[in-house]
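Below are the chains, spelled out letter by letter.
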Amino acid sequence: MADVIDVVVIGSGFGGLFAATELGRRGRDVLVVDATDRPGGIAETISESGYSLEPAAGTFLLPHRALTPLLAAGGVAVEHTAPEAGLRYVWTRDRLAAIPSSPKAVLTRAVSVRGKFRMALEPFIRSRPPADEESLKSFMTRRLGTEAGTLISHIAASGIYAGDPSTLSVGAAFPAIVALEADAGSVVRGAIRRIRALPKPRPERPKSHVPVGGMALAARSLATTLGDRYRPNFKVTAVTREGDNFRIEGPEVLFAREVVVALRPDSARAILPTVDADVLTGWPSSPVVVVGIGGRAEDVPLPNGFGYLAGPDVNAVGLGCLFESVYAPGRAAPGHSLAKVIVGGARNPDVVSWSDERILGAVTSEMERALGVSISPTWTKVVRHHTGIPNYDLDHRRRLGGIDSLESQNPGLIFAGWGYRGIGVAHLALDAMTIADRITER
Ligand SMILES: Cc1cc2nc3c(=O)[nH]c(=O)nc-3n(C[C@H](O)[C@H](O)[C@H](O)COP(=O)(O)OP(=O)(O)OC[C@H]3O[C@@H](n4cnc5c(N)ncnc54)[C@H](O)[C@@H]3O)c2cc1C
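Here we summarise the structure given alongside this text.

Overview of the environment of E147
Here is step 1: By the secondary structure assignment, E147 is in helix α5 (residues 146–161).
Here is step 2: Under the relative-accessibility criterion, E147 is labelled partly exposed at 30%.
Here is step 3: C-alpha separation for the pair E147 and A110, spaced 37 residues apart in sequence, amounts to 9.8 Å.

Section: the site of the ligand
Here is step 1: Near the ligand lie 31 residues; those nearest to it are G15, D34, T59, I423 and V425.
Here is step 2: G58 places a main-chain nitrogen or oxygen 3.4 Å from an oxygen atom of the ligand.
Here is step 3: In the environment of the ligand, a nitrogen atom lies 3.0 Å from a nitrogen or oxygen atom belonging to the backbone of V236.
Here is step 4: The fraction of the free accessible surface of the ligand (1,000 Å²) that becomes covered by protein chains is 85%.
Here is step 5: Broken down by class, the residue content of the shell around the ligand amounts to 18 nonpolar, eleven polar and two charged.

Let's talk about helix α14 (residues 425–441)
Residue pairs three or four apart in sequence face the same way in an α-helix, which turns once every 3.6 residues.
Here is step 1: Look at α14: 24 Å from first C-alpha to last across 17 residues, which is about the 24 Å you get at 1.5 Å a residue.
Here is step 2: By the burial criterion, the buried members of α14 are V425, A426, L428, A429, D431, A432, M433, I435, A436 and I439.

Looking at the sheet that holds strand β9 (residues 207–211)
Paired through backbone hydrogen bonds, the strands of a sheet run either parallel or antiparallel to each other.
Here is step 1: Within the open sheet, the three strands sit side by side as β5-β9-β6. Their pairing is antiparallel. The outermost strands of the open sheet, each flanked by one partner alone, are β5 (60–62) and β6 (78–80). Each strand axis lies, on average, 55° off the axis of its neighbour in the sheet, ignoring direction.
Here is step 2: Across three bridges, the pairing between β5 and β9 is antiparallel. Note on β9: the bridge partner recorded for F60 is H209.

A few points about the environment of V33
Here is step 1: Tracing the backbone shows V33 in strand β2 (residues 30–33).
Here is step 2: Take V33: its relative accessible area is 0%, and that puts it in the buried class.
Here is step 3: For the pair formed by V33 and R95, sequence separation is 62 residues and the distance between their alpha carbons is 48 Å.
Here is step 4: Beyond its immediate stretch of four places on either side in the chain, V33 contacts V8, V9, I10, G11, S12, R231, F234, V236 and L254.

Scoring rules and cut-offs
- Residues numbered from 1 in each chain as written.
- Predicted model: local features only at pLDDT ≥ 70, side-chain atom pairs only at ≥ 80, totals over all residues.
- Heavy atoms only, no water.
- Helix = DSSP H or I, 4+ residues; strand = E, 2+ residues; numbered from the N terminus.
- Buried < 20%, exposed > 50% of the residue type's maximum accessible area, 1.4 Å probe, protein only.
- Near = heavy atom within 4 Å.
- Polar contact = N/O pair within 3.5 Å; in protein donor to acceptor, adjacent residues only side chain to side chain.
- Areas by Shrake-Rupley, 256 points an atom, 1.4 Å probe, with all protein chains shown as cover.
- Nonpolar A, V, L, I, M, F, W, Y, C, P; charged D, E, K, R; others polar.
- Expected span 1.5 Å × (residues − 1).
- Pairing = 2+ DSSP bridges.
- Axes fitted to C-alpha atoms, helices over the stretch in contact; angles between N-to-C directions.
- Contact = heavy atoms within 4.5 Å.

Next up, the structure:
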């Protein structure tokens, strides 16, 4: 038998890269393999004609207890987004209404006076959560009233999951909000309690950051730090048990004591012929298309701010638009604009099969309606995510229970990635810490 490696990580998206980086930091003999010729998975910066489009993750909040040390360990340089990133809009009632990211958000014009009044009653509303899974929409309307709850649940669902607030589980998709209510009987009172419990001096407030050179450079930097412990062009075809070890088949056969499968459930199922396939089947997701719209600043005029999300009353295939060149340094050449529009999602999943021309036509006319200006792009890019964004629906936590059972029936087999316990790269960093703890304990 060939040498036995401590841990093989399958998949070099940010989930796999972080797990491998953290295991390496703790002195484990780790090898990360990927089917493609580059690290980073879906987070791949597209650099063309002076534009730099991030078709998946593009920003994250720092400092963060797991992400900050992992980026540092992987030699990833980061920079602040422009102050404009604090200004966000919702496209509702035929106009853009600002939603500042502070308590002043209650002043937004997106909600009527009556709706704001009901929102302000939140700390005094006594209502019990249902005994079983609650949807995001039910939670928000129960706490904030129908108007604000419908709006906020819609933009939270589409802004993060491209999902439907009636089918996302608030406990699985937004556990921190549920914890506030569980803690203090109200989201607002729970938040105040958390703030009061912060140590003095108060820790630095997390702010929006981007990696210098984009997500592709960040991934390359993490992979370079791993050195020959990162192997591209290694498509794993099967993982099976052989004695005390795992046998990993690909362009060659590897043996490992532990395997981290940093793949979506459907891809994991394809390489695990001997595990219960049902557990890895039926995980829902929302297909999305990411569209880059670039041009001279006067041809693609963008307001100051981070971007807008379309409200529940808007009939549009675009879920939202990020003003990339406004808040992120270097995403367009000076004097030029770049917008990133996310299209499709749970409401319009068929958009992924539309032609580029049809998608671009819909995107530009919707931007014109939302911004009230005329848009004439000279550079465009259409990136389809057919598998889409994982949706943590009302059955998600039951399915996660199945993953826990699968892991305990197969000691040494661990599942990672955004399909399971958190959708953003900060969650993947936290997951990497947990995985390293579990492997170290074993
Ligand atoms: C439109 C959009 C916007 C987003 N914006 C943000 C954001 O602003 N901030 C944020 O934090 N997050 C954001 N995200 C989420 C973020 O991009 C994901 O959390 C992250 O990229 C997922 O990484 P992963 O490692 O779990 O999966 P992936 O990136 O899918 O990686 C899986 C890897 O496994 C490899 N692989 C597959 N099968 C095999 C096999 N058989 N053998 C070997 N290798 C294999 C693939 O090649 C791939 O490299 C966004 C996502 C999208 C779609």
